[in-house]
Amino acid sequence: MKTRKPMVAGNWKMNKGLYATRDLLRELVPALSDVEGVDVVVCPPFVGLGVANRELGSSSIKLGAQNLHWEESGAFTGEISPSMVKDLCDFVIIGHSERRAMFGETDESVNKKVHAALKVGLSPIVCVGETLEENKSGQTGEVVSRQVREGLAGVEPEQAVKLIIAYEPVWAIGTGLAATPEGANAVHRDVIRPILGELFGDKIGNGMRILYGGSVKADNAKELFDQSDIDGGLIGGASLKVDSFVSIVQAA
Ligand code: PEP
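Notes on the structure in this doc start here. (Residues numbered from 1 in each chain as written. Predicted model: local features only at pLDDT ≥ 70, side-chain atom pairs only at ≥ 80, totals over all residues. Heavy atoms only, no water.)

To continue, consider the environment of isoleucine 230. For isoleucine 230, the position within the fold is in the loop between α11 (221-225) and β8 (232-235). Excluding anything up to four places from it in sequence, isoleucine 230 contacts Lys2, Pro181, Ala184, Asn185, His188, Ile210, Tyr212, Leu224 and Phe225. (Helix = DSSP H or I, 4+ residues; strand = E, 2+ residues; numbered from the N terminus. Contact = heavy atoms within 4.5 Å.)

Structure below.
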């Protein structure tokens, strides 16, 4: 039996502005009001965080951002600092594959962001995952290990309890081709979990949540979440519709 509390986080990506964020949450909050036993997080774009924070009010749904900068303030035009995020959110997605592929994020910048987020008390959701090419050439274990080790370098065990890992094979994101439950679980159980144990000790490593992300939908969520080391999901497309997101939360 799993002792880790499942989590379902919605990554809205660059969808839903201020008014659309408000409208979606006005439907989502009541629809999820009686859900228990699962942590639910929504991550709208930066411009929606203020209104989302107000709409969520005393709801148990938590708020997350999709990115931050590691510096606290200064001449970083267009960036948002850890404290600015913390004013509104409890969570922040770090190192999503779209940011790695399109915005030059590296394991090193991910690591700086992880430390900066932890310093202000945010819970980072750190994304890792291999490309299709890496998967086909049998490099999944190697790539994911490197991303976890380098992304979490220097994190202390007492900080690690706030960390969440999201395994998101790049080839499964937005493609409709989710990893098989057994295949994803093998990466969680045999690659990521042992590294967490090595870095932070088995007790802490076994308590840390590892989410799966990549084409999770209402109809495949349960089978994925039933796996021993899949502790919930990071959901893209299916988090933008109330019905599908609620079904995924219920599956968890
Ligand atoms: C994501 O972008 O984090 C993601 C998992 O997307 P999707 O669910 O749409 O594949």
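Right, picking up where we left off after that structure.
To continue, consider the nonpolar core. As a rule of thumb, soluble globular proteins bury nonpolar side chains together. Ranked by internal contacts, the top residues of the largest apolar core, which has 60 residues, are Leu32, Val42, Leu152, Ile192, Leu196, Tyr212 and Phe245. Here this core gets 7 residues from one element, more than from any other, and that element is helix α9 (residues 181-200). Within the second largest apolar cluster, 12 residues are counted, among which are Val41, Ile93, Cys127 and Leu211. (Core = buried A, V, L, I, M, F, W, Y, C linked by side-chain atoms within 4.5 Å. Buried < 20%, exposed > 50% of the residue type's maximum accessible area, 1.4 Å probe, protein only.)

This part covers the site of the ligand. Around the ligand, a shell composed of 14 residues is seen, among which Lys13, Glu168, Gly174, Ser215 and Gly236 lie nearest. Contacts to the ligand include lysine 13, whose side-chain N or O atom sits 2.6 Å from an oxygen atom. Measuring from an oxygen atom of the ligand, one finds a backbone N or O atom of serine 215 at 2.8 Å. Contact with the protein chains hides 97% of the accessible area of the ligand, taken as 290 Å² for the molecule alone. Partitioned by chemical class, the residues of the shell around the ligand number 4 nonpolar, 8 polar and 2 charged. (Near = heavy atom within 4 Å. Polar contact = N/O pair within 3.5 Å; in protein donor to acceptor, adjacent residues only side chain to side chain. Areas by Shrake-Rupley, 256 points an atom, 1.4 Å probe, with all protein chains shown as cover. Nonpolar A, V, L, I, M, F, W, Y, C, P; charged D, E, K, R; others polar.)

What follows concerns the sheet that holds strand β3 (residues 62-65). The strand order β1-β2-β3-β4-β5-β6-β7-β8 describes a closed barrel built from 8 strands, whose pairing is parallel. Each adjacent strand pair in this sheet contributes to an overall mean axis angle of 25°, direction not counted. For strand β1 (residues 7-11) and strand β2 (residues 39-43), the ladder comprises 5 bridges, and the chain directions are parallel. Within β2, the position partnered with methionine 7 by the bridge is aspartate 39. Relative to β3, helix α2 (residues 49-56) is tilted by about 170°, and along the sheet it contacts β2 and β3. Together, β1, β2 and β8 form the strand contacts of helix α12 (residues 242-251), whose direction differs from that of β1 by roughly 160°. (Pairing = 2+ DSSP bridges. Axes fitted to C-alpha atoms, helices over the stretch in contact; angles between N-to-C directions.)

Burial of the side chains of strand β6 (residues 164-167) extends over both faces: Ile164 and Ala166 are buried on one face and Ile165 and Tyr167 on the other. In terms of strand pairing, strand β5 (residues 123-128) meets β6 through 4 bridges, oriented parallel. Within the sheet, the bridge partner assigned to isoleucine 125 lies in β6 and is isoleucine 164.

Time to look at unusual backbone geometry. One non-glycine residue, lysine 13, lies in the positive phi region at around 50°. Within the secondary structure, lysine 13 sits in the loop between β1 and α1 (18-31). In this structure, lysine 16 is a non-glycine residue whose phi angle is positive, near 75°. Considering the arrangement of structural elements, one finds lysine 16 in the loop between β1 and α1. Relative accessible area serves as the criterion here: at 30%, lysine 16 is assigned to the partly exposed category.

All right, on to the environment of lysine 241 then. Take lysine 241: it is sitting in the loop between β8 and α12. Here the alpha-carbon distance between lysine 241 and leucine 24, two residues 217 residues apart in the chain, equals 8.0 Å.

Inspection of the secondary structure assignment puts histidine 69 in the loop between β3 and α3 (82-86). Looking at histidine 69, the relative accessible area reads 10%, which means it is buried. In this structure, histidine 69 is in contact with Phe76, Glu79, Ile80, Ser81 and Pro82, ignoring residues within four places of it in sequence.

Turning our eyes to something else, we now look at the packing of helix α5 (residues 107-119) against helix α7 (residues 140-151). Relative orientation of the contacting elements α5 and α7 amounts to 40°, with a least axis distance of 8 Å. When the axis of α5 is compared with that of α7, the two are oblique. Both α5 and α7 take part in a crossing whose hand is right-handed. When α5 is examined against α7, the residues Asp107, Val110, Asn111 and Val114 are found in contact with a partner set consisting of Arg146, Gln147, Glu150 and Gly151. Class assignment for the residues of the contact of α5 with α7 results in 2 nonpolar, 3 polar and 3 charged. (Parallel < 35°, antiparallel > 145°, perpendicular 65-115°, else oblique. Left-handed = near helix turned anticlockwise from the far one by under 90°.)

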